[in-house]
Amino acid sequence: MIVLIAVALLAQTPVVAPVEPGVPPGASEAARPEAPPPVLPPATHELFRKIQGRVAQVRIIERRSGTKSSIGSAFFVSAQGHAITNYHVVSDLVLHPEDYTAELERGAGTVLVRLLDVDVVHDLALIQTDVPAPDFFPLDDHEPAQGTRLFAMGNPRDLGTTIVEGTYNGLVQDALYERIHFTGAINPGMSGGPTLTGEGRVVGINVSTLGNQVGFLVPVAHARALLARVLQAPRKQVDESLLPSVHQQLLENQQRLTERLLASPLPQQPLDDYRVPGRWSSFLKCWGDTAHEPDTPYTVTNYQCSSEEDIYLSSNHSTGVVSYLHQHVSSRELGALRFASLYSSLYSQDPDSVPATREDVTNFRCQSEFVDVGGLPVRASMCLRAYRRFPGLYDLVLRAATLNASTSGVDSSLTLAGFSADNARKLARRYLEGLSWTK
Amino acid sequence: MDEVIFLEVLEGDGVQARHRLERFPVSVGRGYDNDIILDDPKVSASHLRVERREDGALVVRDLGSQNGTFRVDPWAPLAEVVLTPDARVALGDTVLRFRPRSHKVEDTVIARMAESPRERLFEQPRAFTATLLVLVFACLVSGYVTNYQRTDWGDLLTSGLIPLGVALLWAGGWSLASRISRRSFQFRTHATLGGLMLLGVTLVPAATATLGFSLSWHWGLGFLTKVAYLGLLVWGLFWHLRYVTRWEPVRLLRVLVVGSGVFLLLTYIPTLLANEEFSPELDFSRSMLPPSFRVARTQSLDAFFQDSAQLQKDVDSLAKEE
């Protein structure tokens, strides 16, 4: 699972960031003379001393306790004090503006911060301080070559501004939400900090890590778009809630996702005598396996696809998920009744639910029927829950089990998080129609 | 009043002692020189006398007692009172009632237990054997069918024998109660009843699973299951108690039905009134049976997705509730 790298201080344990002692700071310069760039960049330590003031620490302050509840990083992008950080750093401010404020620590002292707008799909937020920032990063489009040395800046685990070296590995292939793959240690607290080339140009914004030097950045183009949007149409009221804006972004995103899925035909994956929905779109990653246990009188073959990405709304609410799982089960030894109890137990196991709390969603309501899918009898159950903060968005879980044979079958689950009811229904229907039997 | 009357010493509604009075006067008091001796510390040694007046009427006369004598209905202190049928007189903490020989008693209560001497089905020795065999067989079958791993014959045998042991233990408890209250163990009958109840407990889940799957029936299935278990319990307790108490069957049934009804209400009302707890669980019937058990027809995809409009309405109203 991808770990978002904002730090909740209450849960913080001192973890030493992996440091590679073998690489002295000068090593990169030592390698340079072999292939001299057209313009020789200044030594990196000089560069970073120069631009250190452009990066600051964001502190989310809980009003009642008056202390920071979590931290992240941010960097200035305009002389008027605009700064970019991650949505997940400031999500408390969006969802509970009455309980939280934010401030920026710039070495010299802290200044209060206003939240201007967010791009929840790409996990970005634009904040502004009243104090102008003379020194800032211009956000020009810049795509380095693969393998380019990059430097991620931020404040990992509240240890002070840190520079982490790594390499650019291009956009993550087939990602649902565009990300740059950065090979380097991004640690909690560095969220929202910039990742720069050796010349000091922003490539992306630190957002998450899979651990073991696998880090992810949001491409700088999305930050530029967010800044442009706010500069073009500044919000009239400062205190205005950002929820309608988030709502609109989620609606647009699910619409885009639905159109993308419905535009492509659903390929069918053979699973023994059955055909099941296969890799529907390039953003889905699919895996399969069969449990090889010698002592069980049946075999279960799994096939699952998932976007493996979601949209962060709060620390316990995610959305924008598409995932499904097929379990083909068959047995030569079990009779029809014993197979049925095996099938019941499979049908009783639901896929992991998308995290959400009482504040975010309602309970599920389900319907269960026998459905005819192109001649194949299927026991189908559909469950729906509504988002409380964002009316018109739902989580859907579809469970289906084929009922054409007495000792084999496919049990299938589809999870759609954060779709409009109509879109969820359309997708679920297309999905069900992807089930068939070939004999 | 009659020539002969009865003096009854009352205790609550019941009669504690009854004396036949033939010759008068009769003296009543705590002293041993009385005809009728009352062990009531508030009664005087020589308290009252029942005597026949010259005109033939029977009277009660207080003999100057310490605490006095009272007519009960209406309450009044008395020195002398003419006895009428059912007259009651209080002295100290004691109440006396006087009744003539002509007092009408109520009709005889018809004993239903006594008039059905024929043997009930589950009293027969054959029923005992058959029930326990069927119970063991049903448990073995259900143990075999619900296990989809490789069959462990030892476990399977245990799953058949445990219910048998439970039925016999249960019967042992009841037959002790029968022995104490009705002087006969009735072990076989109790064991048959216990076996039948356990058989029911084994069959109810199978029945609800069949109902839920075959007919695709979901509405109130949980409640139905609960009612079925409770009905089984009421039936079993009714017959067990018939061999333990001497209560009228109608009364017994009424007590059990009212008791279980109250139990059902008490367990359901709180869940009806309580707020629904937040849960990410999906709530629908999971039972699966072989495809040939399906009776309900399949729906078209159109109908299935049309039905989901109701779901949407339901969760929308949940979202508005807060």
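Everything here concerns the structure above.
Since this is a predicted model, take the numbers as computed values, not measurements.

K.L.:
I tried to follow the pattern of salt bridges on my own but got confused; where do I start?
P.N.:
Side chains that carry opposite charge are capable of pairing whenever their charged atoms lie near each other. For the structure on display, the rule yields 29 salt bridges over all chains. Among the salt bridges present, the one from R279(A) reaches D174(A), with a minimum N-O distance of 3.5 Å. With R279(A) in the loop between β16 (274-277) and β17 (285-290) and D174(A) in the loop between β10 (162-171) and β11 (180-183), the pair connects residues that are 105 residues apart, well separated along the chain. A residue is classified by how much of its surface remains accessible, and R279(A), at 39% relative accessible area, is partly exposed. Note on D174(A): relative accessible area 38%, which makes it partly exposed. A salt bridge links E333(A) to R150(B); its shortest N-O distance comes to 3.2 Å.

K.L.:
Looking at this model, I keep getting lost on the nonpolar core. Mind explaining?
P.N.:
The nonpolar side chains of a soluble globular protein tend to be buried, and buried together. Residue and element names in this part refer to chain A. Core analysis: the largest hydrophobic core is formed by 83 residues, its most contacted members being L104, L115, L396, L398 and L432. Viewed by domain, this core spans two of them, domain 1 (41-234) and domain 2 (249-437), each represented by three or more residues. When neighbours within four sequence positions are excluded, L104 is seen to be in contact with A56, Q57, V58, A74, F76, G109, T110, V111, V113, I127 and T129. If you look at the next biggest cluster of nonpolar residues, it comprises 25 residues, including L116, V207, L226 and L227.

K.L.:
Please clarify how the packing of helix α4 (residues 221-242) of chain B against helix α5 (residues 249-273) of chain B should be interpreted in this entry.
P.N.:
Each packed pair of helices is defined by two parameters, the angle between the axes and the distance between the axes. Residues and elements named next belong to chain B. Running from N to C, α4 and α5 cross one another at 150 degrees; their axes reach a closest spacing of 10 Å. If you check the angle between α4 and α5, you find them roughly antiparallel. Remark: the crossing between α4 and α5 carries right-handed chirality. Across the interface between the two elements, G222, F223, K226, V227, L230, V234, L237, F238, L241 and R242 of α4 pack against P249, L252, L253, L256, V257, S260, F263, L264, T267 and Y268 of α5. Looking at the contact of α4 with α5 residue by residue, the classes come out as 15 nonpolar, 3 polar and 2 charged.

K.L.:
Any chance you could explain the pairing of strand β18 (residues 299-306) of chain A here in plain terms?
P.N.:
Successive residues of a regular strand alternate their side chains across the two faces of the sheet. Residues and elements named next belong to chain A. With 6 bridges connecting them, β17 and β18 associate as antiparallel partners. Note that in β18 the partner of T290 across the bridge is T301. Sheet analysis places β18 next to strand β21 (residues 321-330), joined by 8 bridges and oriented antiparallel. Within β21, the residue paired with T301 across the bridge is H328.

About the criteria used
Residues numbered from 1 in each chain as written. Chains lettered and ligands numbered in written order. Predicted model: local features only at pLDDT ≥ 70, side-chain atom pairs only at ≥ 80, totals over all residues. Heavy atoms only, no water. Salt bridge = Lys/Arg side-chain N within 4 Å of Asp/Glu carboxyl O. Helix = DSSP H or I, 4+ residues; strand = E, 2+ residues; numbered from the N terminus. Buried < 20%, exposed > 50% of the residue type's maximum accessible area, 1.4 Å probe, protein only. Core = buried A, V, L, I, M, F, W, Y, C linked by side-chain atoms within 4.5 Å. Domains from an automatic or database assignment. Contact = heavy atoms within 4.5 Å. Axes fitted to C-alpha atoms, helices over the stretch in contact; angles between N-to-C directions. Parallel < 35°, antiparallel > 145°, perpendicular 65-115°, else oblique. Left-handed = near helix turned anticlockwise from the far one by under 90°. Nonpolar A, V, L, I, M, F, W, Y, C, P; charged D, E, K, R; others polar. Pairing = 2+ DSSP bridges.

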